[in-house]
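Spelled out from the first residue to the last, the chains are:
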Amino acid sequence: MNATFEFRHAVTRKPAPSIIDGLRAEDTGAPDLEQMLSDHAAYVSALRSTGAEVLELPPLDTYPDAVFVEDTMLCLPSVAVAMRPGAPSRQGEVAEMSPHLQAFYGEAMAEITTPGTIEGGDILVTGREILVGLSARTNHEGVTQLSDIVREHGHSLRRVDTPEGILHFKTDCGLLDAETILSTTRLAASGCFEGYRVLHVPEGEEAAGNCIRFNGLVIMAAGFPRTAEMLDAHGYEVVQINNSECAKLDGGMSCLSLRF
Ligand code: CIR
């Protein structure tokens, strides 16, 4: 079992009507709930098609961004770590998620505490280490706390930077296999992936960077044909999911699930 991309479980949460109030860097129009529900269903069926069990949680109207479950937890093979989102409006999502993870992990739960902040979107688990990007949502204290926790579970953590103006480290990259990363050129330029095989997102398709490898599939946002062709040419089995509505809220493929 390769813990970096072979998963038996995923947890997702259906979008709620309050999604129209979700956080966004720039207003490009209100997300359409019907379209988002149908995209979300396609995403969940792609996860299920690999044989994984998907726990689909009901909508949570109190928290507009709750569909982006990735930011609430880091799920490693031997511990689940409750995050502490840097966005104040998202901090309550963690308590809503914890009991569901506890059902799988039992006592093997840890948490980031104040003044630390960290969101799952800033964390990339590769075959050899855990990369965490500092961002407007993830601070030094949060990374230090996480580093101490994961060290006890045999993982090494490396702190890196998220380029200015990019929401999360993983907004611009995704793991393709234990040694290979899909990355935008602007992110890879920081040198954070030295030693890895890096496939660069073709210019103009930067929003395709946030993909996930989930068992045999690479799940990516639809509408980026050059990226899809490149991945296909490298032998990856690609599934494309419409992401027009999540994109209005700066969300992509990784944000929509917890995988373990
Ligand atoms: C936010 O700004 O927090 C949400 N609108 C988007 C979160 C995307 N999450 C992720 O990339 N892991």
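Remember, predicted model here, so these are calculated numbers, not experimental data.

What counts, and at which threshold
- Every residue gets a number counted from 1 within its own chain, in the order that chain's sequence is written.
- Residue-level local features of this predicted model are given only where pLDDT is at least 70; pairs of side-chain atoms are given and counted only at 80 or more, and the full residue set underlies all totals for whole chains, interfaces and linings.
- Excluded from the side-chain calculations are hydrogens and water; all other atoms, namely the structure's heavy atoms, are used.
- We call a residue near a molecule or strand as soon as one heavy atom of that residue lies within 4 Å of the molecule or strand.
- Between N or O atoms, a polar contact is any pair within 3.5 Å; within protein, one atom must be a potential hydrogen donor and the other a potential acceptor, and residues adjacent in sequence are included only when both atoms are from side chains.
- Using a 1.4 Å probe, accessible areas were evaluated by the Shrake-Rupley method; residue-level cover was limited to the displayed protein chains.
- Here a helix means four or more residues in a row that DSSP labels H or I, a strand means two or more in a row labelled E, and each is numbered from the N terminus.
- Here, residues are in contact when the closest pair of their heavy atoms is within 4.5 Å.
- Any two strands with at least two DSSP-identified bridges between them are counted as paired.
- The axes used here are C-alpha line fits, helices contributing only the stretch in contact, and every angle between their N-to-C directions lies in the interval 0 to 180 degrees.
- Under the scheme applied here, a residue whose accessible area is under 20% of the maximum for its type counts as buried, over 50% as exposed, and between as partly exposed, the area being computed with a 1.4 Å probe on protein chains only.
- If you view a crossover with the strands going away from you and the path from the first strand over the helix to the second runs clockwise, you call it right-handed.
- Any residue with an atom within 4 Å of a point lines the site, the site being either a cavity, points on a 1 Å grid over the protein atoms alone where a 1.4 Å probe fits but cannot get out, or a pocket, an open set with protein on both sides within 12 Å along at least 5 of 7 lines.
- Grid points are joined across faces, edges and corners, and a volume is the space filled by probe spheres set on the points.
- All residues other than Ala, Val, Leu, Ile, Met, Phe, Trp, Tyr, Cys, Pro, Asp, Glu, Lys and Arg, Gly among them, are scored as polar; the first ten of these are nonpolar and the last four charged.
- When a carboxyl oxygen of Asp or Glu lies within 4 Å of a side-chain nitrogen of Lys or Arg, that pair is called a salt bridge.
- Given a helix with a known number of residues, its expected span is that number minus one, times 1.5 Å.
- The arc under discussion is defined with respect to the helix axis, by the directions toward the C-beta atoms.

What follows concerns the site of the ligand. In the vicinity of the ligand there are 14 residues, among which L23, D65, D71, R90 and L249 approach most closely. Interatomic distance of 2.9 Å between a backbone N/O atom of L23 and a nitrogen atom of the ligand. At 2.8 Å, a side-chain N or O of D71 approaches a nitrogen atom of the ligand. Within the complex, 99% of the 350 Å² of free accessible area of the ligand lies under protein.

What follows is about the environment of A46. Along the chain, A46 falls in helix α1 (residues 33-48). Along the primary structure A46 and C255 are separated by 209 residues, whereas in three dimensions their C-alpha atoms are 15 Å apart. Look past the residues within four positions of A46 in its chain and what remains in contact with it is L217, I219, V239 and I241.

Attention now goes to the sheet that holds strand β10 (residues 180-183). Taken in spatial order, the three strands of this open sheet run β9-β10-β11, and their pairing is mixed. For this open sheet the edge positions go to β9 (173-177) and β11 (197-200), each flanked by a neighbour on one side alone. Across this sheet, the average inter-strand angle for adjacent strands is 30°, counted without regard to direction. Sheet analysis places β10 next to β11, joined by four bridges and oriented parallel. Residue pairing in the sheet places I181 in a bridge with V198 of β11.

So, about the pairing of strand β1 (residues 9-13). In terms of burial, β1 is largely enclosed, as five of its five residues are buried. Residues of β1 alternate between two faces, with H9, V11 and R13 on one and A10 and T12 on the opposite face, all of them buried. Looking at chain direction, β1 and strand β2 (residues 53-57) are connected through five bridges and run parallel. Bridge pairing in β2 links A10 to V54. Taken together, β1, α1 and β2 form a β-α-β motif whose crossover is right-handed. Both β1 and strand β15 (residues 258-259) contribute to a ladder of two bridges, which runs antiparallel.

Enumeration over the complete set of coordinates arrives at three cavities of 30 Å³ or more. Estimated volume of the largest cavity: approximately 90 Å³. L23, D65, F68, D71, R90, R137, L167, H168, L249, D250, G251 and C255 are the residues that line the largest cavity. A class-by-class count of the residues in the lining of the largest cavity yields five nonpolar, two polar and five charged. Along the walls of the second largest cavity sit R13, K14, P15, A16, S18, I19, L60, Y63, P64, A66 and V67, which together make up its complete lining. Of the residues that constitute the lining of the second largest cavity, the class distribution is eight nonpolar, one polar and two charged.

Attention now moves to the pattern of salt bridges. Throughout the structure, instances matching the rule amount to 13 salt bridges. Across the pair D71 and R90 runs a salt bridge, and its minimum N-O distance is 2.8 Å. Highlighted residues: D71 in the loop between β2 and β3 (73-75) and R90 in the loop between β4 (80-82) and α2 (93-105), separated in sequence by 19 residues. R197 is the salt-bridge partner of D177, the closest N and O atoms lying 3.9 Å from each other. You can see D177 sitting in strand β9 and its partner R197 sitting in strand β11, a full 20 residues away along the chain.

A two-sided burial pattern is seen for β10, the buried positions comprising T180 and L182 on one face and I181 and S183 on the other. One ladder, built from four bridges, connects β9 with β10; its direction is antiparallel. Bridged to C173 within β10 is S183.

Before going further, it helps to spend a moment on α1. For α1, which comprises 16 residues, the first-to-last C-alpha distance of 22 Å matches the rise-based estimate of 22 Å (1.5 Å per residue) to within 8%. Residues of α1 that are buried include every one of M36, D39, H40, Y43, V44, A46 and L47, and no others. One side of α1 holds all its buried residues, which, seen down the axis, span an arc of 155°. Sitting at the head of α1, D32 places a side-chain oxygen 3.0 Å from the backbone nitrogen of E34.

One key point about sheets: their strands pair by backbone hydrogen bonds, in either a parallel or an antiparallel sense. If you trace the three strands from one edge of the open sheet to the other, you get β6-β7-β8, paired in mixed fashion. One side of each edge strand has no neighbouring strand; the edge strands of this open sheet are β6 (123-125) and β8 (157-161). The average angle at which neighbouring strand axes cross in this sheet is 25°, direction not considered. Its contacts with the sheet place helix α3 (residues 140-151) against β6, β7 (130-134) and β8, and it is angled at close to 160° to β8.

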